Structures are given as C-alpha cells and as structure tokens.
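Listed below are the residues making up each chain.
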Amino acid sequence: MSVPVENPIASAPPAQADRTIQIGLITVNYRSAEATARFLGDILRQDRSHCRLRVVVVDNSAAMGDLAPVRAAFTDAEDFAFLPMPSNPGYFGAAHSAFQQVWPDGPPDWLIVANPDIRLPQGFFTRLAQLPPSTGAVLAPSILSGRTGLNQNPYRRTRPTAMRMNLFRLIPRVRFLLWLLRAQCHLRHYLRRSMKRV
C-alpha cells in the first residue's frame, strides 16, 4: 500500500524559515516486526533536512520479543526510540502513552500516528515541513487498495452533526438488541421442544 501526499502539502507556502519544524511520529507494533522494520527503513531513506523528526515505536507485544532484532538494527538511528509496553493497552492507548512520555511539555508542530504497514513516498517530510502547522489540525492520508485502487480511508471535511453522532452510537446497541431477540427466540423454541418431549 502507498500513502500519496495530497496536493495541499505539495503546493503549500514555505513555513517560517527562522526555526526548524518539529515532527513527531508514533507507530504501534503488535506482532508486526517485519512491517515495522520496513517502515523504519522507509523513514531513514527520507530527506529529513528540513525538519527535526522524532520517531517512537511503541511495542504492544514486547513480552513476545519479536521486535528485538528490529530494535538492534536501528540502534544507530538517534532520532528513533523504542517504548515497550508492560501490557497491551490497545492501539490508541499505546499511542497516547508514548505521546505523554516523549512530549510531556506539549506536542511538536506535527504529530503523526501511523500503522507500520504503510509506505511513505519520498519527500513526505519535506512537504509536510513546508506546510504551516496552522493549516489544520488533522491530515488524513489516502490509503489505496492494491487490488482495486480505491481509497480505503474516506474522510469527512466537516464534523458530523450531533444527531448523526447519536445515530452512530445507536448502531452497536441495535446489533446487540437484535442478537438478544434472536437468542430469546432460540431459547423459546428450545423450551417448547423440551416441553413436548416431557
């Protein structure tokens, strides 16, 4: 999969020249050492001369030790840090923990939270550093399917209304209620059959 950089970054006006743009990148590993190694290799091959990049690999499967060879391979990369989790707090739990530990005084100009199985095109960090941080709070990548070429990461340009958010919250509850009704029907059917046998 490739994550192309959208035109707004490519055509953005240069950022302030009097300071270096700070970029943080958090990636969460869970039994994906091979993908993590490939992702870190992609990052090392990037031009990072226009920014100060700090990469944090949070290991949610540290007890398994599968990331040890990757950690050893990237010991010379001074801007890379490996953060083993004592337990698995989940994807966003791990990312949040990394953020609090690495940037306790506040976020960098840009903070990227990414899966390790994505690929960054050459020039990604250069283009991102040229985009003023005030441009927006979130940038969503295009994630294209290798089979269909369709975007797998559709995004909204506006926040959903309160009514739509409430509807989204109801969907899991409706599924549970349907399951409960089905289970109740099965139970009734079972009890009727049991009563007939007696």
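Residues numbered from 1 in each chain as written. Predicted model: local features only at pLDDT ≥ 70, side-chain atom pairs only at ≥ 80, totals over all residues. Heavy atoms only, no water.

## Here we look at the sheet that holds strand β1 (residues 21-29)
Alright, step 1. Read from one edge of the open sheet, four strands run β3-β2-β1-β4, paired in parallel fashion. The two strands at the open ends of the sheet, each matched to only one other strand, are β3 (80-84) and β4 (110-114). Direction aside, neighbouring strands of the sheet carry axes that sit 20 degrees apart on average.
Alright, step 2. Judged from the five bridges that link them, strand β2 (residues 51-59) and β3 form a sheet pairing that is parallel. Bridge pairing in β3 places D59 opposite P84.
Alright, step 3. Along the sheet, helix α4 (residues 91-102) makes contact with β1, β2, β3 and β4, crossing β1 at roughly 140 degrees. (Pairing = 2+ DSSP bridges. Helix = DSSP H or I, 4+ residues; strand = E, 2+ residues; numbered from the N terminus. Axes fitted to C-alpha atoms, helices over the stretch in contact; angles between N-to-C directions. Contact = heavy atoms within 4.5 Å.)

## Some points on the side chain of T27
Alright, step 1. With respect to the helices and strands, the residue T27 is situated in strand β1.
Alright, step 2. The exposure class of T27 is buried, given its relative accessible area of 0%.
Alright, step 3. A polar side-chain atom of T27 sits 2.9 Å from the main-chain carbonyl oxygen of A114.
Alright, step 4. Here T27 is in contact with F39, V56, V57, V58, A114, N115 and P116, once residues within four sequence places are set aside. (Buried < 20%, exposed > 50% of the residue type's maximum accessible area, 1.4 Å probe, protein only. Polar contact = N/O pair within 3.5 Å; in protein donor to acceptor, adjacent residues only side chain to side chain.)

## Structural notes on the confidence of the model for the chain
One rule of thumb: low pLDDT means the predicted coordinates there are not for detailed reading.
Alright, step 1. Mean pLDDT over the chain: 80, with 81% of residues reaching 70 or higher.
Alright, step 2. Note that residues 1-16 has pLDDT below 50 and, in this model, 37 contacts with residues that lie over four places away or in other chains. (pLDDT = per-residue confidence, 0-100.)

## Quick look at α4
Alright, step 1. A rise of 1.5 Å per residue sets the reference length of α4, with its twelve residues, at 16 Å; its end C-alpha atoms lie 17 Å apart and thus fit the reference within 8%.
Alright, step 2. Buried residues of α4: A94, A95, S97 and A98, and no others. Considered in projection along α4, the buried side chains sweep an arc of 160 degrees and stay on one side of the axis.
Alright, step 3. Buried residues along α4 sit against β1, β2, β3 and β4. (Expected span 1.5 Å × (residues − 1). Arc of directions from axis to C-beta.)

## Notes on the pairing of β3
Alright, step 1. For β3, a buried count of four out of five residues is recorded, marking the element as mostly surrounded by other parts of the structure.
Alright, step 2. Chirality of the crossover, the property in question, places the unit of β2, helix α3 (residues 68-73) and β3 among those that are right-handed. (Right-handed = clockwise from strand over helix to strand, strands pointing away.)

## Quick look at unusual backbone geometry
Peptide bonds are trans in most cases, and residues, glycine excluded, mostly fall at negative phi.
Alright, step 1. Backbone geometry at R31 places phi at a positive 55 degrees, although glycine is not the residue there.
Alright, step 2. Assignment of secondary structure puts R31 in the loop between β1 and α2 (33-44).
Alright, step 3. Classification of R31 by relative accessible area gives exposed; the value is 54%.

## Structural notes on the packing of aromatic side chains
Alright, step 1. Applying the stated criterion across every chain yields a total of four aromatic pairs.
Alright, step 2. Ring centres 5.9 Å apart and planes at 20 degrees place the aromatic pair F74 and F80 in the stacked group. Take F74 and F80: they sit in the same class, and that class is buried. (Phe/Tyr/Trp six-rings, centres within 6.5 Å; stacked < 30°, edge-to-face > 60°.)

## Overview of α2
Alright, step 1. Its twelve residues place the ends of α2 16 Å apart at the C-alpha level, agreeing with the 16 Å of an ideal helix rising 1.5 Å per residue.
Alright, step 2. Here α2 has its buried residues at A33, A35, T36, F39, L40, G41, D42 and I43.
Alright, step 3. Summarising the contacts, the buried residues of α2 are in contact with β1, β2, α3, β3, β4 and α5 (124-130).

## A few points about the pattern of salt bridges
Alright, step 1. According to the stated counting rule, one finds four salt bridges in the structure shown.
Alright, step 2. Note that R45 and D42 form a salt bridge whose closest N and O atoms lie 2.9 Å from each other.
Alright, step 3. For D79, the salt bridge goes to R52, with nearest N and O atoms at 2.8 Å. Residue D79 is found in the loop between α3 and β3, and its partner R52 is found in strand β2; the two are separated by 27 residues along the sequence.
Alright, step 4. Using a relative accessible area of 39% as the deciding quantity, one classes R52 as partly exposed.
Alright, step 5. Here the salt bridges share partners, and the residues they tie into one network are D42, R45 and R119. (Salt bridge = Lys/Arg side-chain N within 4 Å of Asp/Glu carboxyl O.)

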